[in-house]
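Each chain is listed here by its residues.
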2 protein chains.
Amino acid sequence: MLTKKATARAHPNIAFIKYWGNKNNDLRLPVNGSISMNLAGLETITTVMFGDEILEDRLMLNGEQQTVEQTRRVSRHLDHVRHLANVDLRALVISQNNFPTGTGIASSASAFAALTAAACSALDVHPDEAGLSALARLGSGSACRSVPGGYTEWYAGVDHQTSYAASIAPAGHWDLIDLVTIVNKEHKAVGSTDGHQLADTSPLQAARIADTPRRLDLCRAAILQKDFEPLAAIIEEDTLMMHSILMTSSPPLLYWLPATIRVMQAVQSWRAGGIPAAFTIDAGPNVHVISTTGWKDKLVGLLNELEGIQDILPTTVGGPAQIINEHLIP
Amino acid sequence: MLTKKATARAHPNIAFIKYWGNKNNDLRLPVNGSISMNLAGLETITTVMFGDEILEDRLMLNGEQQTVEQTRRVSRHLDHVRHLANVDLRALVISQNNFPTGTGIASSASAFAALTAAACSALDVHPDEAGLSALARLGSGSACRSVPGGYTEWYAGVDHQTSYAASIAPAGHWDLIDLVTIVNKEHKAVGSTDGHQLADTSPLQAARIADTPRRLDLCRAAILQKDFEPLAAIIEEDTLMMHSILMTSSPPLLYWLPATIRVMQAVQSWRAGGIPAAFTIDAGPNVHVISTTGWKDKLVGLLNELEGIQDILPTTVGGPAQIINEHLIP
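Throughout what follows, the structure given in this document is the object of discussion. (Residues numbered from 1 in each chain as written. Chains lettered and ligands numbered in written order. Predicted model: local features only at pLDDT ≥ 70, side-chain atom pairs only at ≥ 80, totals over all residues. Heavy atoms only, no water.)

**Digging into the overall build of chain A**
On a plain count of helices and strands, chain A comes out with eight helices and 16 strands. Relative to a compact globule of 330 residues, whose C-alpha radius of gyration would be 20 Å, chain A shows 19 Å and is just as compact. Across its three principal axes, chain A shows a C-alpha extent of roughly 65 × 40 × 35 Å. Here chain A holds 330 residues, and 60% of them are scored as buried. Considering only intrachain contacts with a sequence separation of at least 6, the fraction spanning at least 24 residues in chain A is 76%. As presented, chain A carries roughly 12400 Å² of accessible surface, and 51% of it is formed by carbon and sulfur atoms. Across chain A, the 25 positively charged side chains and the 33 negatively charged ones have centroids separated by 1 Å. (Helix = DSSP H or I, 4+ residues; strand = E, 2+ residues; numbered from the N terminus. Rg over C-alpha atoms; globule rule 2.2 N^0.38 Å. Buried < 20%, exposed > 50% of the residue type's maximum accessible area, 1.4 Å probe, protein only. Contact = heavy atoms within 4.5 Å. Areas by Shrake-Rupley, 256 points an atom, 1.4 Å probe, with all protein chains shown as cover. Lys, Arg positive; Asp, Glu negative; His and termini not counted. Charge placed at Lys NZ, Arg CZ, Asp CG, Glu CD.)

Following this line, the structure appears as structure tokens:
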């Protein structure tokens, strides 16, 4: 009996310059480049086992057997790896997140980064990091940014090979933190994959895309220079610009809740008072409060005083997707 | 002793397609056309008295003597009328609003519409309605929309003469209401005159301007056809588009408060449930809930159940700026 097995861990990432909209939906080629940081403390661990005796792809997610329908996106992604390995083996995939899914923490990013790394390793396919990142992108666009470590930039590219993420600074470069501030634990009404396809319906999207090189340059420079003020300014601007697109899409996507605005206004007033803090918000209501390690306790205390905060997940800068030894399948 | 005296009343207006940004700041020529409705129930009444014995322009606003500095904008506006009348008389201006100032209800619109009408009448200058509207525009851009009655459209124009508002339907055409929902009574941190000058700093403003003819067409047609659903869709889209510009300006203008979002989300859910209601928001945190007369009591009840509502001012569609007989100066 032939079985090939590997386990990988990957972190979700929070985008400082956001990905919103594809120029090719099948390949998930984005309309604009993006920059993010991996989030240590949050992780997906995924074991993939290919074997002759497995008759169809099966997915266990957080301990629950998924339906064929729910397994389809994973199965299609495994097809890419099977194609590279020139095998036709089905797989059992067991995946666990240590953080809630569907809350705008981009579980699909860490999930597809870990799945890609584990599946490639199991089938003895060894692309370089850029190749692994591009491959992860096919499963979920932002997953490509969870493949390299630390602070990463996704180059939009023009085709499959040229659209991948690379590290622009390792995790140890700057001790930023992301206090993931949950104001609503419900699943999103419109998921990201569908949302990306609405991006073009906003009359403002073309202008956002055209302006992206400026935002990328400012963000990259702020990270490399470890300069918080300009980082804060550009990540908040980028967030407000993405939500401008969301709100002016057809149909409009108005993800914010009262507590979202409450945290945004509070963060801006804290920063005006000298605390390094900035907000960034993905396609959902929850707010990521970016700061530095030394301000963690102070900020968690301040956030907990605000009305409507359901949970705060403190994270630091995470490393790359990695193969690990402990398997979820014995 | 020569005295020339007149009193005028004008209503504020709420824009369905917003004015944001000037192509000429001195003339207040807007970058885009706009559409609004006058608000009956809210009004400014202004008496202007020119006289030989008056040594300098003086302004009493809501019973309080204003300083020379506070009077300057009014004084400069009177200069335009004095120039047309070829007189050099100073004036006493007494103006009263029956609604709070500085809360995003555009008191400057009704104020400069009433001031213009009263000053022209007092000095026996009689421009046609378009000319009066253009003249009012010099004092405050949106004041030009408070000169004609009912539903009005401000044509952006290319110079002073061509930038004025005209009625597209009289007040009796459609029984819309505006429930002005106050969530914050404080004065704005950044006034509209300054805000307009920030519009160009948003990377999205050019795209908003380019898209305006589409929004004007949809809004005008919805009003003429008295069709609430398309009106709701376009006025909310336009509001979200203007706030997209505000939020992405440099510095960013994030006017919304938690209760702002609460009302927005509630209005959208009420509409999904079959109640004709739509939100529009000027450059401030307060929400104008647009509906029709028959839904007033129901909506006021629903709004009063929401947290954070400080006041609700119910208004209907208002007529044009008019000369009235009762003078504020005996």
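**Points about the sheet that holds strand β7 (residues 58–61) of chain A**
All names here are of chain A. Ordered in space as β8-β7-β9-β6-β1-β16, the six strands form an open sheet in which the pairing is mixed. Each edge of the sheet is formed by a strand with only one pairing partner; in this case those strands are β8 (64–65) and β16 (322–324). Pairing geometry for strand β1 (residues 3–10) and strand β6 (residues 44–51), over eight bridges, is antiparallel. Within the sheet, the bridge partner assigned to Thr 3 lies in β6 and is Gly 51. Most of the contacts of helix α2 (residues 107–122) go to β6, to which it runs at about 35°, and overall it touches β1, β6, β9 (90–97) and β16. (Pairing = 2+ DSSP bridges. Axes fitted to C-alpha atoms, helices over the stretch in contact; angles between N-to-C directions.)

**Describing the pairing of strand β1 (residues 3–10) of chain B**
Sheet topology note: the β1 of chain B/strand β16 (residues 322–324) of chain B ladder contains three bridges and is antiparallel. Along β16 of chain B, the bridge assignment pairs Arg 9 of chain B with Gln 322 of chain B.

**Quick word on the relation of the copies chain B and chain A**
Least-squares fitting of chain B to chain A yields an RMSD of 0.0 Å, with the superposition described by an axial translation of 0.0 Å and a rotation of 180°. The operation mapping one copy onto its partner corresponds to a two-fold rotation axis. The rotation axis passes nearest to the C-alpha of Pro 258 of chain B in chain B, at a distance of 1.9 Å. Take the interface residues of chain B: 96% of them recur as interface residues in chain A, which is what a same-surface contact looks like. (Least-squares fit on C-alpha atoms with pLDDT ≥ 70 in both.)

**Description of the pattern of salt bridges**
Residue and element names in this part refer to chain A. If you walk through the whole model with that rule in mind, you get 30 salt bridges over all chains. In this structure, Arg 82 engages Asp 79 in a salt bridge whose closest nitrogen and oxygen atoms are separated by 2.8 Å. Of this pair, Arg 82 and Asp 79 are both found in helix α1 (residues 68–85), three residues apart, which corresponds to roughly one turn of the helix. Given a relative accessible area of 34%, Asp 79 falls into the partly exposed group. A salt bridge links Asp 211 to Arg 215, with the shortest nitrogen-to-oxygen separation between them at 2.9 Å. Here Asp 211 and its partner Arg 215 are both found in helix α5 (residues 205–224), four residues apart, which amounts to about one turn of the helix. Among the residues examined, Arg 215 registers a relative accessible area of 0% and is labelled buried. Ionic contacts of the salt-bridge type, sharing partners, join the residues Asp 57, Asp 79, Arg 82, Asp 88 and Arg 90 into one network. (Salt bridge = Lys/Arg side-chain N within 4 Å of Asp/Glu carboxyl O.)

**Overview of helix α7 (residues 258–272) of chain A**
For α7 of chain A, with 15 residues, the first-to-last C-alpha span of 21 Å sits near the 21 Å given by 1.5 Å per residue. Among the 15 residues that make up α7 of chain A, 11 are buried, leaving the element largely enclosed by the rest of the structure. For α7 of chain A, the set of buried residues is Pro 258, Ala 259, Thr 260, Ile 261, Arg 262, Val 263, Met 264, Ala 266, Val 267, Trp 270 and Arg 271 of chain A. Packing partners of the buried residues in α7 of chain A comprise β12 (176–182), α6 (228–247), β13 (278–280), β14 (287–292) and α8 (296–304) of chain A together with α7 (258–272) of chain B. Positioned one or two residues after α7 of chain A, Gly 274 of chain A has a phi angle of 105°, which is positive. (Expected span 1.5 Å × (residues − 1).)

**Remarks on the interface of chain B and chain A**
Of the residues lining the interface, 25 residues belong to chain B; the matching set on chain A comes to 24 residues. Taking both sides of the interface into account, the surface hidden between chain B and chain A amounts to around 2100 Å²; carbon and sulfur atoms contribute 73%. It is Pro 203, Leu 204 and Leu 254 of chain B in chain B that bury the most area against chain A; as a group they hold 25% of the surface buried on that side. Linking chain B with chain A are zero salt bridges, by the criterion used here. Inspection of the region where chain B meets chain A yields five residue pairs in polar contact (both at pLDDT 80 or more). The greatest single-element share of the side of chain B that touches chain A, amounting to six residues, is contributed by α7 of chain B. Of the residues belonging to the side of chain B that touches chain A, the class tally is 15 nonpolar, four polar and six charged. (Buried area = accessible area lost by both parts, 1.4 Å probe. Polar contact = N/O pair within 3.5 Å; in protein donor to acceptor, adjacent residues only side chain to side chain. Nonpolar A, V, L, I, M, F, W, Y, C, P; charged D, E, K, R; others polar.)

**Structural notes on the packing of α6 of chain A against α7 of chain A**
All names here are of chain A. Following both chains from N to C, one finds α6 and α7 inclined at 160°, their axes separated by 13 Å at the closest point. Relative to α7, the element α6 lies roughly antiparallel. Every pair of crossing elements has a handedness; the one defined by α6 and α7 is left-handed. For the pair α6 and α7, contact is made by Glu 229, Ala 232, Glu 236 and Leu 240 and by Met 264, Val 267, Gln 268 and Arg 271, respectively. Here the contact of α6 with α7 is built from residues that sort into four nonpolar, one polar and three charged. (Parallel < 35°, antiparallel > 145°, perpendicular 65-115°, else oblique. Left-handed = near helix turned anticlockwise from the far one by under 90°.)

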